[in-house]
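Chain by chain, the residues:
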Amino acid sequence: MTSPPSDSRLSRRLGTGDAVAVGLGAMIGTGVFVAWSPAASAAGPWLLAGLAVAAFVAFCNATSTAQLAAVHPRAGGAYHYGVARLGRSWGALAGYAFVLGKSASCATAALAVGAYLWPSQAVPVALVAVVVVTAVNLAGVTKTARVGAVLVALVVAVLAVVVGAGLGGAGVASDWSAGSSGGLFGVLGSAAVLFYAFAGYARIATLGEEVRDPSAVPRAVVISLASVLVLYAVVGVTVLLVLGSSEVASSSQPLRDVADAAGAGWLSPVVAVAAAVAALGALLSLQAGVGRTAFAMASSGDLPGWLAAVHPRRKVPHRAELASAVVTVLFVLIGDLATTLGASAFAVLVYYAIANAASWRLAPSERRWPRWLSAVGLVSCLLLAVSLPWRTVLVGAAGLLVVMAVRWALLRRG
């Protein structure tokens with residue numbers, strides 16, 4: 001048995017199961033409760049085709065991320081991979097895309113907790129959620145993984161009950177396939193939404209310095225992605241068959257509507273609480289990932305060096321975690337995150353595009369999957385990115401260009 005790497009400043013405490021729990025917590029968030037409406041608006045009855053495209057793109061990205069994580073078991077994910085394989089500027093672009101995109105996602109998850117638990121006081125509840133999650137993350141990475149596993153188990157149990165009640169009580173709607181389709185472009189738009197909803201497997205890679213055996217990272221990525229894709233497929237089929245594409249497109253809470261259609265009104269508050277729990281689990285995992293990426297970037301000089309500090313006892317990047325919490329709080333207080341959220345979807349696709357490009361540069365002896373998957377993943381990410389609304393693309397691209405320009409100016413002065 002080989003000994004684990006000893007070059008990590010963080011503590012290698014996570015096993016395969018812990019890493020899977022982190023990935024599941026990142027992917028089973030509010031998306032499984034709310035993504036179906038915009039996806040159906042784009043693709044109509046071809047909603048499941050959009051899910052299939054999203055699944056294929058996710059598989060390509062996951063294989064690239066997994067094999068890179070095995071070769072480069074470092075915190076920071078695609079930031080580190082980009083630096084190592086493509087050059088520092090590409091790595092910095094991936095890191096900034098991740099930090100900016102996922103910081104907005106953290107705020108959204110926090111606001112979702114408040115919206116489901118206490119709608120009239122969504123912002124104060126969101127702020128409390130950020131404080132609680134930050135405390136858990138600062139307690140150590142094993143606490144993050146274990147709390148995340150409990151939250152995921154609760155959400156999956158509720159989803160199973162909703163699926164059973166929907167298919168058993170409501171049956172199949174006679175007009176489930178009715179509704180207008182946006183054609184191929186609509187399917188791609190649907191795929192972009194659904195991909196963003198469960199694109200959390202990279203969170204495992206961002207914790208690369210805290211997994212005991214780096215070879216467990218590829219296994220954890222594949223296991224968590226496969227599990228979530230099955231879950232999304234089952235829930236998507238249920239929503240589409242019970243409600244029909246037109247009703248799904250117009251619904252703000254499709255899973256609650258499935259419960260109502262089945263005559264199980266008692267499930268409505270349970271679904272609301274489960275959505276809040278899912279958002280809390282996503283926030284827990286997201287914030288941990290943002291903190292680790294900020295830590296890696298600070299260690300390399302692409303963010304202020306004081307963020308690279310490691311807690312002497314808990315072995316977590318405590319300053320980076322606290323900074324991530326502060327940024328999340330600022331986004332929460334902004335309130336209207338519609339534009340920022342769209343831009344974050346664009347940023348996440350840029351992040352994965354760079355991961356695929358880095359994977360393309362791996363030597364044959366470093367590969368676990370065919371090289372063509374990296375190329376398909378790269379092209380697919382770019383295609384999904386440009387299929388987003390044009391305002392989203394412009395805002396996202398402009399934001400990343402501004403950050404990179406500031407970085408270039410500071411490096412020139414230094």
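Residues numbered from 1 in each chain as written. Predicted model: local features only at pLDDT ≥ 70, side-chain atom pairs only at ≥ 80, totals over all residues. Heavy atoms only, no water.

Chemist: Explain the overall build of the protein chain to me, using residue names and the numbers behind them.
Modeler: When you go through the protein chain residue by residue, the secondary structure sums to 18 helices and zero strands. Out of the 414 residues belonging to the protein chain, those deemed buried represent 58%. In the protein chain, 83% of the contacts between residues at least 6 apart in sequence involve partners at least 24 apart. About 15900 Å² of surface is accessible on the protein chain, with carbon and sulfur atoms providing 68% of the total. (Helix = DSSP H or I, 4+ residues; strand = E, 2+ residues; numbered from the N terminus. Buried < 20%, exposed > 50% of the residue type's maximum accessible area, 1.4 Å probe, protein only. Contact = heavy atoms within 4.5 Å. Areas by Shrake-Rupley, 256 points an atom, 1.4 Å probe, with all protein chains shown as cover.)

Chemist: Describe the nonpolar core, and please don't skip the residues or the numbers.
Modeler: Ranked by size, the top nonpolar core spans 121 residues in total, and within it Phe33, Phe195, Phe198 and Tyr201 carry the most contacts. The dominant element in this core, judged by the number of residues it contributes, is helix α14 (residues 267–299), at 16 residues. Each residue touching Tyr201, except ones within four places of it in the same chain, is listed here: Met27, Ala58, Asn61, Ala62, Phe195, Val221, Leu225 and Tyr352. (Core = buried A, V, L, I, M, F, W, Y, C linked by side-chain atoms within 4.5 Å.)

Chemist: Tell me about the environment of Gly15, residues and numbers included.
Modeler: Of note, Gly15 is situated in the segment before α1 (16–27). Owing to a relative accessible area of 11%, Gly15 belongs among the buried residues under this scheme.

Chemist: With reference to specific residues and values, describe the packing of aromatic side chains.
Modeler: Following the criterion strictly, the structure yields four aromatic pairs and no others. Plain terms: the ring middles of Phe195 and Tyr352 are 5.6 Å apart, the flat faces sit at 75° to each other, and that makes the pair edge-to-face. With Phe195 in helix α9 (residues 183–198) and Tyr352 in helix α16 (residues 338–360), this residue pair connects regions lying 157 residues apart in the sequence. Phe195 gets classed as buried once you look at its relative accessible area, which sits at 1%. Residue Tyr352 is classed as buried on the basis of its relative accessible area of 1%. Between the aromatic rings of Tyr351 and Tyr352, the centroid separation amounts to 5.3 Å while the plane-to-plane angle is 85°, which identifies the pairing as edge-to-face. Each member of the pair, Tyr351 as well as Tyr352, carries the same accessibility label: buried. Cluster of aromatic residues (ring-pair linked, three or more members): Phe98, Phe195, Tyr351 and Tyr352. Seen from the ring of Trp360, Arg371 lies directly overhead, with NZ or CZ sitting 3.5 Å from the centre. (Phe/Tyr/Trp six-rings, centres within 6.5 Å; stacked < 30°, edge-to-face > 60°. Lys NZ or Arg CZ within 6 Å of the ring centre and 35° of its normal.)

Chemist: Give a description of the packing of α9 against helix α17 (residues 371–387) that names residues and reports values.
Modeler: Orientation of α9 relative to α17, taken along the N-to-C sense of each, is 105°, at an axis distance of 9 Å. By the angle between their directions, the pair α9 and α17 is classed as roughly perpendicular. Facing Phe185, Leu188, Gly189, Ala191, Ala192 and Phe195 of α9, the residues of α17 in contact are Leu383, Leu384, Val386 and Ser387. Looking at the contact of α9 with α17 residue by residue, the class counts come to eight nonpolar, two polar and no charged. (Axes fitted to C-alpha atoms, helices over the stretch in contact; angles between N-to-C directions. Parallel < 35°, antiparallel > 145°, perpendicular 65-115°, else oblique. Nonpolar A, V, L, I, M, F, W, Y, C, P; charged D, E, K, R; others polar.)

Chemist: So what's going on with the packing of helix α4 (residues 47–71) against α17? Which residues, and what values?
Modeler: In contact at an axis separation of 8 Å, α4 and α17 are set at 125° when each is read in the N-to-C sense. Judged by the inter-axis angle, α4 sits oblique to α17. In this structure, α4 meets α17 at a crossing whose hand is left-handed. Here Phe56, Val57, Phe59, Cys60, Asn61, Thr63, Ser64 and Gln67 of α4 come into contact with α17, specifically with Leu373, Ser374, Val376, Gly377, Ser380, Cys381 and Leu384. In the contact of α4 with α17, the residues fall into eight nonpolar, seven polar and no charged. (Left-handed = near helix turned anticlockwise from the far one by under 90°.)

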